[in-house]
Amino acid sequence: MDPTLLKEREAFKKRALAQPAVEKKRKAEDKSSGHKFKKRSKPTPKPKEEPAVPHFNYKSSAGSSQYKFGVLAKIVKHMKVRHQRGDTYPLTIDEILDETAQLDVGHKLKLWLTTEALANNPKIEVLDGNTYAFKPKYNITTRKSLIKLLNKHDQRGLGGILFEDVEESLPHVEKALKIFRSYGEVYQ
């Protein structure tokens, strides 16, 4: 073998032996006797150790990213439902948290929501710097604006519009579609 490899092997063995290792000792069994006796040993008192992690304050913690994004998802879903009900006026972060019953949100999470999460969310529109409204895919407020949008799509050759997008964009979409179906103007 190559002498450099042998030297490296010996150096590796020395390093491995220098590191402490914990091994379980196997009890030697007396195979000659059919009975197995257990020796009772005196329990060794263990010194009380203080926990490695100091007392954790749950109220001041920032929370995990799963919790953060759960709060964000609940806010976006609530804003979408509000828009579909016809409540299109903007809300402040405190009003949103109050309506979603998330009053226990900490200051750090609230700061993250206002500076990063809601400002960068494609479904939320920031108005006046501190008020938020739902931002639908299409700006449709009435049945007439829906008809105009459908005509534009037809004239430009873009085809139809997804029902989910219309449902998300138009408040009280059920009433409008019911009227359109009665006239035979809209197909699903």
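Residues numbered from 1 in each chain as written. Predicted model: local features only at pLDDT ≥ 70, side-chain atom pairs only at ≥ 80, totals over all residues. Heavy atoms only, no water.

1. Things to note about the pairing of strand β3 (residues 131-134)
In β3, alternate side chains face the same way, and those of T131 and A133 on one face and Y132 and F134 on the other are all buried. Pairing geometry for strand β1 (residues 91-92) and β3, over two bridges, is antiparallel. When the sheet's bridge partners are listed, L91 is paired in β3 with Y132. Taken together, the four bridges between strand β2 (residues 124-127) and β3 define a ladder with antiparallel strand orientation. Bridged to I124 within β3 is F134. Where β2 hands over to β3, the hairpin turn is made up of three residues, of which D128 adopts a positive phi near 60°. (Buried < 20%, exposed > 50% of the residue type's maximum accessible area, 1.4 Å probe, protein only. Helix = DSSP H or I, 4+ residues; strand = E, 2+ residues; numbered from the N terminus. Pairing = 2+ DSSP bridges.)

2. Quick word on the environment of V71
For V71, the position within the fold is in helix α2 (residues 65-85). As a C-alpha pair, V71 and T100 span 29 residues in sequence and 9.2 Å in three-dimensional space. Once residues lying within four places of it in the same chain are set aside, the contact partners of V71 are Q102, L109 and L113. (Contact = heavy atoms within 4.5 Å.)

3. Some words on the sheet that holds β1
Pairing is antiparallel across the open sheet formed by three strands, whose spatial order is β1-β3-β2. Each having just a single partner strand, β1 and β2 make up the two edges of the open sheet. Sheet strands in contact with α2 are β1, β2 and β3, and its direction is about 65° off that of β3. (Axes fitted to C-alpha atoms, helices over the stretch in contact; angles between N-to-C directions.)

4. So, helix α7 (residues 173-183)
Residues spaced three or four apart along an α-helix point in a common direction, a consequence of the helix completing one turn every 3.6 residues. V173, A176, L177 and F180 are the residues of α7 that are buried. In a view along the axis of α7, the buried residues occupy a sector of 95°, so they form one face of it. In α7, those exposed residues whose orientation departs by more than 90 degrees from the buried face are E174, K175, K178 and S182. Those residues of α7 hidden inside the fold are in contact with α5 (143-156) and α6 (163-169). (Arc of directions from axis to C-beta.)

5. Regarding the confidence of the model for the protein chain
Averaged over every residue, the pLDDT of the protein chain is 76; the share at 70 or more is 74%. The spread of mean pLDDT over the elements of the protein chain runs between α7, the lowest at 75, and helix α1 (residues 3-18), the highest at 88. (pLDDT = per-residue confidence, 0-100.)

6. A few points about the packing of aromatic side chains
For the structure shown, the criterion picks out one aromatic pair. Geometrically, the ring pair formed by F69 and W112 is edge-to-face, given 5.3 Å between the ring centres and 85° between the ring planes. With a gap of 43 residues between them, F69 in helix α2 and W112 in helix α4 (residues 107-120) connect regions that are remote in the sequence. Assessed through its relative accessible area of 47%, F69 is described here as partly exposed. Overall, the relative accessible area of 13% leaves W112 in the buried class. Lying across the ring of W112, K68 places its NZ or CZ 5.4 Å from the centre. The ring of Y89 has R82 lying over it, and the distance from NZ or CZ to the ring centre is 4.6 Å. (Phe/Tyr/Trp six-rings, centres within 6.5 Å; stacked < 30°, edge-to-face > 60°. Lys NZ or Arg CZ within 6 Å of the ring centre and 35° of its normal.)

7. So, the packing of α2 against α4
It is the contact of α2 with α4, at a shortest axis distance of 11 Å, that shows an interaxial angle of 65°. Relative to α4, the crossing made by α2 is right-handed. In this structure, α2 uses Y67, K68, F69, V71, L72 and I75 to contact α4, whose residues at the interface are L109, W112, L113, A117 and L118. Tallied by class, residues from the contact of α2 with α4 come to 10 nonpolar, no polar and one charged. (Left-handed = near helix turned anticlockwise from the far one by under 90°. Nonpolar A, V, L, I, M, F, W, Y, C, P; charged D, E, K, R; others polar.)

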